[in-house]
Amino acid sequence: MDYKNAGVDIEAGYKSVELMKEHIKKTMREEVLTNIGGFSGAFSLDKFKNMEHPTLVSGTDGVGTKLKLAFIMDKHDTIGIDCVAMCVNDIACAGGEPLFFLDYIACGKNFPEKIATIVSGVADGCAQSDAALIGGETAEMPGFYPEDEYDLAGFAVGIVDQKDLITGQSIKAGDALIGIASSGVHSNGFSLVRKIFDMTKESLETHYDELGKTLGEALLAPTKIYVKALRSVKEAGIVIKGCSHITGGGFYENIPRMLPDGVRAVIKKDSYEVPAIFRLMARTGNVEEEMMYNTYNMGIGMMLAVDASEADKAIAALKEAGEEAYLVGQVEAGDKGVTLC
């Protein structure tokens, strides 16, 4: 009896690391001091000594049951982008710039090519956010996961000068709310998605004219990464007073997280067009509108609060950066919360 007979193939693990390296290479930053394959990743902070009060910000998350769709479709090259996005978008919400990322993949059986494909998506997400992929772990766990399934989670660290932290405390009545378009459902609410639609390969490969693609393609579209979009607003000289990453809990849970006491967000539902995938989900699953806005991003992946006088300038900066952005509402006096009208 040996470890391989027990279900863990050490040689497959070595091969996975070798296959990953070509993808990881494109995420490297000059501050990275170690190579992949060591026991830890080292990252120099010398570059940030000019900050008055350099402050580390961090985020950790997974992809959730969206992975089930990747299993059914046998498509694993973009799910890593979702994992990175869920972490670095939270860092960007605080005004931080992501520095480095680490991933964790747990699987029933290590198929090196599949693991490398997953990591290629992680590397793509890191490249999109200028974060270095400096380490990770692939855990082969036979008997715990089915052979063809895996879980994926990650952890990111970023940096911001303390004076530039986005806290929401300066938000006041009259401020403008700007929504930045999402790329689709992103990585939240898939337990409900899997109840709305049949989770079969045939169902996911069905083409919908209103989507312009198959259902699976629409649902598996990777989460948009907003790091560079928020950077473009700051580089335009605009103060972002508050920032909310619209994840699980939709509008009703996430937008109040950026608000101080005494104000509420008033959002006009007709200020932008809700993407077709959400309309299809609501109709097919007979999901009430309030539940949709309480579960999904509804086409707005990131919400910003800025001074009303800077709203047009912020939207212009975002559009120049390649993002669709909308003036979706304003801040009003009242109990903390969200009003959709």
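Presented here is an overview of the structure given in this document.

## Focus: the side chain of Asp 82
Along the polypeptide, Asp 82 turns up in helix H3 (residues 79-93). For Asp 82, a relative accessible area of 0% corresponds to the buried category. Excluding residues within four positions of it along the chain, Asp 82 makes contact with Val 63, Lys 66, His 186, Ser 187, Ala 221, Pro 222 and Thr 223.

## Here's the deal with the sheet that holds strand E11 (residues 325-333)
Spatially, the 6 strands line up as an open sheet ordered E8-E10-E5-E11-E9-E12, and their pairing is mixed. Here the strands that pair on one side only, and so sit at the sheet edges, are strand E8 (242-245) and strand E12 (338-340). Between one strand axis and the next, the sheet turns through 25 degrees on average, direction left out of account. Pairing of E8 with strand E10 (residues 300-306) involves 4 bridges; the strand directions are antiparallel.

## Section: H3
Taking 1.5 Å as the rise per residue, H3 with 15 residues should run 21 Å; its terminal C-alpha atoms sit 22 Å apart, in good agreement. Along H3, the sharpest change in direction is near 25 degrees and occurs at Ala 85. Gly 95, located one to two residues past H3, shows a positive phi value of around 90 degrees.

## Concerning the pattern of salt bridges
Here the structure, examined in full by the defined rule, presents 23 salt bridges. Lys 15 serves as the salt-bridge partner of Glu 113, at 2.9 Å between the closest nitrogen and oxygen. Pair noted here: Glu 113 is in helix H4 (residues 112-129) and Lys 15 is in helix H1 (residues 10-24), with a separation of 98 residues, a long-range link. Under the relative-accessibility criterion, Glu 113 is labelled partly exposed at 44%. Here Lys 241 makes a salt bridge to Asp 175, at a shortest N to O gap of 3.1 Å. In this pair, Lys 241 sits in the loop between helix H8 (227-235) and E8 while Asp 175 sits in the loop between strand E4 (150-161) and strand E5 (176-181), placing the two residues 66 residues apart along the sequence.

## As for the sheet that holds strand E1 (residues 54-62)
The 4 strands lie next to each other as E1-E4-E2-E3, forming an open sheet whose pairing is mixed. Sheet topology places E1 and strand E3 (132-140) at the edges, where each strand pairs with a single neighbour. Sheet twist, expressed as the mean angle between neighbouring strand axes with direction ignored, is 15 degrees. Relative to E4, strand E2 (residues 97-107) runs antiparallel, the two sharing 10 bridges. By the bridge assignment for E4, Ile 105 is matched with Leu 152.

What counts, and at which threshold
- Along every chain, residues carry numbers that run from 1 in the direction the sequence is written.
- Reporting of local features is limited, given that this is a predicted model, to residues whose pLDDT is at least 70; pairs of side-chain atoms are given and counted only at 80 or more, and all residues count toward the totals for whole chains, interfaces and linings.
- Hydrogens are left out, water is left out, and the side-chain values use all remaining heavy atoms of the structure.
- Strands are runs of DSSP state E lasting at least 2 residues, helices are runs of H or I lasting at least 4, and numbering of each runs from the N terminus.
- Working definition: with a 1.4 Å probe on protein chains only, accessible area under 20% of the residue-type maximum means buried, over 50% means exposed, and in between means partly exposed.
- Working rule for contacts: check all heavy atoms of both residues, and any pair within 4.5 Å makes them a contact.
- A strand pair is defined by DSSP finding two or more bridges across the two strands.
- Axis definition: a line fit to C-alpha positions, over the contact stretch in the case of helices; interaxial angles, taken between N-to-C directions, run 0 to 180 degrees.
- Between the first and last residue of a helix there are one fewer steps than residues, each counted as 1.5 Å, and that sum is the expected span.
- Fitting axes to the seven residues ending at a residue and to the seven starting there, one defines the bend at that residue as the angle between these axes.
- Take a side-chain nitrogen of Lys or Arg and a carboxyl oxygen of Asp or Glu: if they are within 4 Å of each other, that pair is a salt bridge.

The quantities given are spatial measurements derived from coordinates; they are silent on function.
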